[in-house]
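Commentary on secondary and tertiary structure
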Amino acid sequence: MSNGAAASARDADYPRFSPAEMERRRAAVDELLAAHGAEHAVFYGANRVGEAIAWLCGWPVTREAALVHTPGERDLLLVEFYNHVPNATVLATEAEVRWAGPSTIGTVIAELRRRRVGGRKVALLGPLGHRGYAQLHEAVGEVADLGADYARLRLVKSAEEVEWARRGAELTDAAVAAMRDQALPGVDLNELADAVERAYVARGGSTHIHYFSATPMAGGELCVPAQWPSLRPLAAGDALSCEVSASWWGYPGQLLRSFTVAAEPTPLYAELQSVADAAFDAVVAALRPGATAAELVAASAPIEAAGFTIRDDLVHGFVGGYLAPILGSLSRQLTPVPDFTFEAGMMVVVQPNVVTREETAGVQTGELLLVTEDGAESLHDFPRGLRPSGR
């Protein structure tokens, strides 16, 4: 096999964005650096956190990694542990890959010196600890924080990113369907987590989140999915809610649904779901290019009009992080409504988690949507409504 054929076979082993897409990303980062007066950037990640590294070079962070970026030069990806370097070399086709050595930040500093930092600012993005930050600051002087600007950069997705997110949404739909089918009396929430993951792992997906809650409809204590599953088995008459995101190489869907277990909805739960559906429809109808965050909050009025409120966020940006705008309903405002205008290409989750004022009952409904020139398009294909669990 020729070297070219070997490279093609290797490239087929993993999903990849086009060279034009990767160049678009680097050019966007270069513009951020110029705006900050910085000539180099350091992207840092650890313990599977630091998605900007994957966005720029294709390597999902494992234990620890740092990417050194200088406009006009080849990126350098530094990977810890040593045995992770071979896989990173295959995945990170946009960078030179090396072992990070005994000190990742020490190797970063050495590389910056080799690149002649020259007294200008170095930009930083990622969860670098205070000791590493102190070392970097001492070595290079002023350090610019790219966090807010990078988050804004990720708000509008490219056509290729949209297609990857569609794949994540498809895997998420399959996960919730598997959970629904498994959710019978006697099954506990850890078994539901097992069903969820089996639906997408064999298809190349990975876990972003899967949150569940189960509580008796006749008199419960929970109103929102929990981040850690309890050992309580499901029982006839329960309301089961979920928030599930399966990811396709860093591009997750998000689906929120509620189910009844071996019982018809009680009048209260039927009303909660009806209000949630009305609020979802109203918010989605308002979601279009040029719409403001304040308009979406106002559209959630059916929740308060019915005497209910929410615990979870009403709307949040998604894919590439938990992004702006993060909004509550009229009665649940944790922070002032931001001055934010939606654009085509943004992705948001609309998720009215309608609950009683006492927070003893609630439902989840919602999903990931793409803002298009014509309004909002759902990326999911899973039926809405308060439906019975089981096959």
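Residues numbered from 1 in each chain as written. Predicted model: local features only at pLDDT ≥ 70, side-chain atom pairs only at ≥ 80, totals over all residues. Heavy atoms only, no water.

Topologically, L231 is positioned in the loop between β7 (206-216) and β8 (238-248). Residue classification places L231 among the exposed positions, given a relative accessible area of 68%. Discounting residues that sit within four places of it in the chain, L231 has contacts with D188 and N190. (Helix = DSSP H or I, 4+ residues; strand = E, 2+ residues; numbered from the N terminus. Buried < 20%, exposed > 50% of the residue type's maximum accessible area, 1.4 Å probe, protein only. Contact = heavy atoms within 4.5 Å.)

Our focus in this paragraph is the packing of aromatic side chains. As enumerated under the stated definition, the model contains 8 aromatic pairs in all. Here F340 and F342 contribute two aromatic rings whose centre-to-centre distance is 5.1 Å and whose plane-to-plane angle is 75°, an arrangement assigned as edge-to-face. Each member of the pair, F340 as well as F342, carries the same accessibility label: buried. Taken together, the ring pairs in this structure connect F17, W164 and Y251 into an aromatic cluster. The side chain of R167 reaches across the aromatic face of W248, ending 4.0 Å from its centre. (Phe/Tyr/Trp six-rings, centres within 6.5 Å; stacked < 30°, edge-to-face > 60°. Lys NZ or Arg CZ within 6 Å of the ring centre and 35° of its normal.)

Averaged over all residues, the pLDDT of the protein is 95; the fraction at 70 or higher stands at 96%. Low pLDDT, under 50, characterises residues 1-10; the predicted model gives this stretch 4 contacts beyond four residues in sequence or across chains. (pLDDT = per-residue confidence, 0-100.)

Across the sheet, 6 strands lie side by side as β4-β3-β2-β1-β5-β6; this open sheet has mixed pairing. Among the strands making up the open sheet, the edge pair consists of β4 (95-99) and β6 (143-145). Going across the sheet, the axis of each strand differs from the next one's by a mean of 25°, ignoring polarity. This element, helix α2 (residues 19-36), spans β1 (38-46), β2 (64-69), β3 (75-80), β5 (121-125) and β6 of the sheet and lies at about 120° to β1. Taken strand by strand, helix α5 (residues 104-114) contacts β1, β2, β3, β4 and β5, and its axis lies near 10° from that of β2. (Pairing = 2+ DSSP bridges. Axes fitted to C-alpha atoms, helices over the stretch in contact; angles between N-to-C directions.)

A word on the pairing of β1. Across the 9 residues of β1, 9 count as buried, placing the element largely inside the fold. By the bridge criterion, 5 bridges tie β1 to β5 in an arrangement that is parallel. Following the sheet pairing, A41 is matched in β5 by A123. Bridge count between β1 and β2: 6 bridges; the pairing is antiparallel. Residue pairing in the sheet places G45 in a bridge with A65 of β2.

What follows concerns helix α9 (residues 189-198). Among all positions of α9, only L189, L192, A193, A195 and V196 are buried. Projected down its long axis, α9 shows its buried positions confined to an angular sector of 160°, all on one face. Buried positions along α9 lie against α8 (159-182), β7 and β8. Measuring from the backbone nitrogen of N190 back to the side-chain oxygen at the start of α9 gives 2.9 Å, which picks out D188 as the cap. (Arc of directions from axis to C-beta. Polar contact = N/O pair within 3.5 Å; in protein donor to acceptor, adjacent residues only side chain to side chain.)

What follows is about unusual backbone geometry. Between E80 and the following residue, F81, the backbone shows a cis peptide bond with an omega angle of 15°. Within the secondary structure, F81 sits in the loop between β3 and α4 (85-91). Not every positive phi belongs to a glycine, and W249 is a case in point at roughly 50°. Relative to the elements of secondary structure, W249 occurs in the loop between β8 and β9 (251-252). Look at V319: it is not a glycine, yet its phi comes out positive at around 75°. Within the secondary structure, V319 is located in the loop between β12 (315-317) and β13 (323-327). Looking at V319, the relative accessible area reads 1%, which means it is buried.

Here the focus is the pattern of salt bridges. Side chains carrying opposite charge are able to pair once their charged atoms draw close together. In the structure shown here, the tally under the stated rule is 26 salt bridges. Note that R166 and E163 form a salt bridge whose closest N and O atoms lie 3.3 Å from each other. One end of the pair is R166 and the other is E163, both in helix α8 and 3 residues apart, which spans about a single turn. Relative accessible area serves as the criterion here: at 28%, R166 is assigned to the partly exposed category. A salt bridge links D194 to R198; the shortest N-O distance between them is 2.9 Å. (Salt bridge = Lys/Arg side-chain N within 4 Å of Asp/Glu carboxyl O.)

Bringing the nonpolar core into the picture now. Core analysis: the largest hydrophobic core is formed by 68 residues, its most contacted members being F43, W59, L77, L192, F212, L234 and L240. At 9 residues, the largest contribution of residues to this core is made by α8. Here F43 is in contact with V29, A52, I53, L56, A65, A66, L67, H69, L125 and L146, once residues within four sequence places are set aside. Formed by 36 residues, the second largest nonpolar core is a distinct cluster that contains A279, I303, F342 and A361. (Core = buried A, V, L, I, M, F, W, Y, C linked by side-chain atoms within 4.5 Å.)

In this section: the packing of α8 against α9. In the contact formed by α8 and α9, the axes pass within 7 Å of each other and the chain directions differ by 140°. Classified by the angle their axes make, α8 and α9 are oblique. As for how α8 packs across α9, the hand of that crossing is right-handed. Packed against α8, whose contacting residues are A175, A178, M179 and Q182, the element α9 presents E191, L192, A195 and V196 at the interface. Looking at the contact of α8 with α9, its residues break down into 6 nonpolar, 1 polar and 1 charged. (Parallel < 35°, antiparallel > 145°, perpendicular 65-115°, else oblique. Left-handed = near helix turned anticlockwise from the far one by under 90°. Nonpolar A, V, L, I, M, F, W, Y, C, P; charged D, E, K, R; others polar.)

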